[in-house]
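Letter by letter, the chains look like this.
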Amino acid sequence: MTKNIERTLSIIKPDAIKANYSGKIIDLIESKGFFILAQKRITLSAIEAEVFYNIHRDKSFFSDLVSFMTSAPISVQVLEKENAVNSYRLLMGATDSNLAEEGTIRKLYGSNIQNNAVHGSDSPENAEVEIKFFFSGLELLSKT
Ligand code: CMP
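All values derive from a computational prediction rather than experimental measurement.

*Asks:* It is not clear to me how the site of the ligand should be interpreted in this structure. Could you clarify?
*Replies:* In the vicinity of the ligand, the contacting residues are K13, Y53, H56, F61, L65, R106, I113, Q114, N116 and H119. Here an oxygen atom of the ligand and a side-chain polar atom of K13 are 2.8 Å apart. Interatomic distance of 3.2 Å between a side-chain N/O atom of N116 and an oxygen atom of the ligand. Coverage of the ligand by the protein amounts to 78% of the 450 Å² it exposes when considered alone. Tallied by class, the residues present in the shell around the ligand amount to four nonpolar, four polar and two charged.

As structure tokens, then:
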């Protein structure tokens with residue numbers, strides 16, 4: 001059977017960057033067999049955070065989420081693996097770090113439902129949109 005090699009977008013969020021957890025998180029991601037195709041550290045503007053999280057615009061937590069995501073740099077990665085989208089969601093754990101399963105990134109390195117250390121795309125379709133939001137075609141050229 002042919003493997004379903006997928007790409008997903010990962011964000012290491014400001015809480016984890018400020019706590020100096022990015023190396024540990026990347027180590028865990030690689031140890032689970034994800035290949036990091038592209039990666040960079042950036043600081044989002046409010047407009048950029050609002051556009052990225054546009055789907056949550058009407059939620060009560062939207063303005064807090066934008067403030068949080070712009071409060072410090074983030075690190076964004078394109079991860080490649082068989083069934084990368086679902087596989088990374090399992091590795092991240094539940095959205096609320098207090099409810100996340102043992103051994104997951106959000107349990108290990110997050111604090112609560114907002115400051116939850118990482119983001120991952122929720123579908124292959126959204127992964128494509130989210131990857132294009134952060135990376136150009138040139139940055140995505142496979143170098144292996
Ligand atoms: P993420 O997976 O990046 O998707 C949307 C983000 O909004 C989520 O992680 C959390 O950081 C945040 N979020 C989701 N639900 C809530 C909530 N109920 N209250 C506060 N923040 C939330």
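From this point, the discussion proceeds with the structure in view.
*Asks:* Please clarify how the environment of F52 should be interpreted in this entry.
*Replies:* Tracing the backbone shows F52 in helix α3 (residues 46-52). Sequence separation of F52 and F133 is 81 residues, and the distance between their C-alpha atoms is 7.6 Å.

Cut-off values and rules
Residues numbered from 1 in each chain as written. Predicted model: local features only at pLDDT ≥ 70, side-chain atom pairs only at ≥ 80, totals over all residues. Heavy atoms only, no water. Near = heavy atom within 4 Å. Polar contact = N/O pair within 3.5 Å; in protein donor to acceptor, adjacent residues only side chain to side chain. Areas by Shrake-Rupley, 256 points an atom, 1.4 Å probe, with all protein chains shown as cover. Nonpolar A, V, L, I, M, F, W, Y, C, P; charged D, E, K, R; others polar. Helix = DSSP H or I, 4+ residues; strand = E, 2+ residues; numbered from the N terminus.

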